[in-house]
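Here is how the chains run, residue by residue.
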Amino acid sequence: MGSNVKGRTAVEVGADGVAIITIINPPVNSLSFDVLFSLRDRYEEALRRDDVKAIVVTGANGKFSGGFDIASFGVLQEGKGKQPNVSNISIEMVTDIFEAARKPAVAAIDGLALGGGLEVAMACHARISTPTAQLGLPELQLGLIPGFGGTQRLPRLVGLSKALEMMLTSKPIKGQEAHSLGLVDAIVPPDELINTARRWALEILDRRKPWVHSLHRTDKLPSLAKAREIFKFARAQAKKQSPNLKHPFACIDVIETGIVSGPRAGLWKEAEEFQGLLHSDTCKGLINIFFAQRSTTKVPGVTDLGLVPRRIKKVGIVGGGLMGSGIATALILGNYPVVLKEVNDKFLQAGLDRVRANLQSRVKKGNMTKEKFEKTTSLLKGGLDYESFKDVDMVIEAVIEKVSLKQQIFADLEKYCPPHCILATNTSTIDLELIGERTKSRDRIIGAHFFSPAHVMPLLEIVRTKHTAAQVIVDLLDVGKNIKKTPVVVGNCTGFAVNRMFFPYSQAAILLAERGVDPYRIDRAISKFGMPMGPFRLCDLVGFGVAVATASQFVQAFPERTYKSMLIPLMQEDKNAGESTRKGFYVYDKNRKAGPNPELTKYIEKARNSSGVSVDPKLAKLSNKDIVEMIFFPVVNEACRVLAEGIAVKAADLDIAGVMGMGFPSYRGGLMFWADSLGSKYIYSRLEEWSKQYGGFFRPCEYLAERAAQGATLSAPAGRAKPRM
């Protein structure tokens, strides 16, 4: 066996004549090509041997299989060398060897059977599972469809509606539910799993249990007329939920083929669609996000020093406003005891009530039991002074964005907290060197920037200064993991990574509006592109106060490339301040439904006069594609600066930051990945052209200019520019 073999299987034949085939490929026994071909060889050996009467397939270390090895998708996409075809595996192996075996085979499922793992299990003649094992087909999360027969077997085992729901939502189910649906035949505790599976296989052989080929079952399928209704409903849902995506519809088509033309035709169509989707931009984008998300915790010079995270036993939070209470919620949900400090009783009570309300809404939605609610809230205490901070291991400051106030707080924290305590700030824009100016503890000052609402949004920006100790970063990465956030480690500058990359987002929108583009058209184009909302609707949501405060930070930091407009201040003067005042770029009815603000044109005219610009008739005719590029290319340009300055470690971190912090559509692979799909030359030439017409706001940065000149990707590390495919 070569050292580059990825995983294997082992076989052991018992005195009872049952061959136990075990999948071994840690950590989740994923199905690499090596594992699949080894599995085929073991099956063929078991079928040849006279001392083998039946087969049990299982996975090592309490996990059946997490599915096809995702790293292999990259190999398939690049198409290097001789490629195993999916139809060879799905039809020639899974169907014509495993399912057609002359000896009965039973899958013994523990831990997880996902994707290809569940597909192999469904080709067995019965399935035994533990109650908590997770079973599902989550391939659509990667822009694909199940490729080893899952689209054909799952509907025949659990019924058409449930199978569609499981595939289209990518949500796994637990063993217990799988049993009630008929996906598994029996539920047993882990220590009885293998023995039950052995007995079951022998009982099939003795015809005491049914010998079932999942692919040919029809008892759970509806009539054709009923099936057509179900497909129609599924397509309408998919159109509503993912209008820009093709693969959910491909999945529905493939399932339909199997029901209308028979399972064998379904398998061939599945293989054909899978091959096509594998090379789609959506699949490449989602696989980029999959790996990028797993790599954010690798920080050169920090996480490779062998440091072990220290245990954080108690966390202090200063400020119980919207952010402070959201952070407190996230921490107690992650089992951290928290003490929340406010300046007076009234504020403290409001903060504690907010945390309770956050948890209460989980109970109402059925995501949390009453007991869990009581247990979680008992981790939270309140306080009005720093007395209760003398034994905290970490403090997170979450007060308003006012430099002098934050400096005072950090000077106090240094006095009252133990000397090992991590001093973190949740500022979204202020330079950390400024915040810690009056302290001697700069090595333990770090940014823990949560996004609002903090207990819901998945991103945590960890901001380090030149002085921050590696140990402190490692500790905060660990806290991030425990509270189920995706952490991205960035350097210290105005706006850090997310807000800095995206400050040109709303500014570009205002620049276009002042020059005659309808703001509502801009929002529609951006939503259609896949953002949760357009820049004007977003501005209403965060509120004009926040918008003005952050804009002023950027004007000070980057005067030569900020677009200065009076639009928002003019509206603010007239009490238009966004959704909270029910009037901003939109007007809001009592149900918070947004409609156009009839007075908006008047404000745009006023702002236009004070900027001294005029309506450009060319811009009124912009296509949606042009609008998207004029809004997002300045964002890409700023992201290039963030990368060039070393604020971000790698482009993949910026991809994750944009997806998780701003809602950039994940199926486009992240901001930098999307930019590379258009090419650095193209982006550079567009920005260059606009900067001649509309000024310095669009001027391409040096990094972008260099990349375009070399024809290199934006995301390759400097000095290792890889040519574009």
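Residues numbered from 1 in each chain as written. Predicted model: local features only at pLDDT ≥ 70, side-chain atom pairs only at ≥ 80, totals over all residues. Heavy atoms only, no water.

1. Details of the pairing of strand S6 (residues 126-129)
Here is step 1 of the chain: With burial as the criterion, each face of S6 is covered, one bearing Ala126 and Ile128 and the other bearing Arg127 and Ser129.
Here is step 2 of the chain: Where strand S4 (residues 105-109) lies against S6, 4 bridges are found, and the strand directions are parallel. Among the inter-strand pairings, Val106 is bridged to a residue of S6, identified as Ala126.
Here is step 3 of the chain: Relative to strand S9 (residues 186-187), S6 runs parallel, the two being bridged by 2 bridges. Opposite Ser129, over in S9, you have Ile187 as the bridge partner. (Buried < 20%, exposed > 50% of the residue type's maximum accessible area, 1.4 Å probe, protein only. Helix = DSSP H or I, 4+ residues; strand = E, 2+ residues; numbered from the N terminus. Pairing = 2+ DSSP bridges.)

2. Concerning the sheet that holds strand S1 (residues 8-13)
Here is step 1 of the chain: Reading across the sheet, the 6 strands line up as S1-S2-S3-S4-S6-S9 and stay open at both edges, with mixed pairing between neighbours. Pairing within the sheet leaves two strands with one partner each, and these edge strands are S1 and S9.
Here is step 2 of the chain: Note that strand S2 (residues 18-24) and strand S3 (residues 54-59) share 6 bridges and pair parallel. Looking across to S3, one finds that Val18 is bridged to Ala54.

3. Thoughts on the UniProt feature "domain: 3-hydroxyacyl-CoA dehydrogenase NAD binding" (unreviewed entry) in the protein chain
Here is step 1 of the chain: In the UniProt entry, the feature "domain: 3-hydroxyacyl-CoA dehydrogenase NAD binding" (unreviewed entry) is given for residues 314-492.
Here is step 2 of the chain: End-to-end, the C-alpha atoms of residues 314-492 are 26 Å apart, and along that stretch the chain is 40% helix and 21% strand. (UniProt positions renumbered as here; feature names shortened; annotations may be inferred.)

4. Some remarks on the environment of Ala657
Here is step 1 of the chain: Mapped onto the fold, Ala657 is located in helix H27 (residues 651-662).
Here is step 2 of the chain: The class of Ala657 is buried, set by a relative accessible area of 1%.
Here is step 3 of the chain: Taking the C-alpha atoms as reference points, Ala657 and Val488, separated by 169 residues in sequence, lie 7.0 Å from one another.
Here is step 4 of the chain: Residues within four places of Ala657 in sequence aside, it is in contact with Leu459, Val498, Met501 and Met662. (Contact = heavy atoms within 4.5 Å.)

5. Some details on the domain arrangement of the protein chain
Here is step 1 of the chain: Domain annotation of the protein chain identifies domain 1 (8-279), domain 2 (315-492) and domain 3 (498-710).
Here is step 2 of the chain: Computed over C-alpha atoms only, the centres of domain 2 and domain 3 are separated by 30 Å.
Here is step 3 of the chain: Summing the contributions of domain 2 and of domain 3, the shared interface buries around 1,100 Å²; its carbon and sulfur component is 65%.
Here is step 4 of the chain: On the domain 2 side of the interface with domain 3, the three residues burying the most area are Thr429, Leu459 and Val488, jointly 34% of the side's total.
Here is step 5 of the chain: Between the two partners, domain 2 and domain 3, sit 3 residue pairs in polar contact (both at pLDDT 80 or more).
Here is step 6 of the chain: Among the secondary structure elements, those contributing two or more residues to the side of domain 2 that touches domain 3 are strand S16 (459-464) and strand S17 (486-491).
Here is step 7 of the chain: If one sorts the elements of the side of domain 2 that touches domain 3 by residue count, S17 sits on top with 5 residues.
Here is step 8 of the chain: Each residue belonging to the side of domain 2 that touches domain 3 can be placed in one class, and the counts come to 8 nonpolar, 6 polar and 2 charged. (Domains from an automatic or database assignment. Buried area = accessible area lost by both parts, 1.4 Å probe. Polar contact = N/O pair within 3.5 Å; in protein donor to acceptor, adjacent residues only side chain to side chain. Nonpolar A, V, L, I, M, F, W, Y, C, P; charged D, E, K, R; others polar.)

6. Topic: the sheet that holds strand S8 (residues 173-174)
Here is step 1 of the chain: Reading across from one edge, S5-S7-S8 is the order of the 3 strands in this open sheet, with mixed pairing throughout. If you trace the sheet from one side to the other, it starts and ends with strand S5 (112-114) and S8, each paired once.
Here is step 2 of the chain: In terms of strand pairing, strand S7 (residues 134-136) meets S8 through 2 bridges, oriented antiparallel. The residue of S8 that forms the bridge with Gln134 is Lys174.
Here is step 3 of the chain: In the packing of helix H4 (residues 116-123) onto the sheet, the strands contacted are S5 and S7, and the crossing angle to S5 comes to about 95 degrees. (Axes fitted to C-alpha atoms, helices over the stretch in contact; angles between N-to-C directions.)

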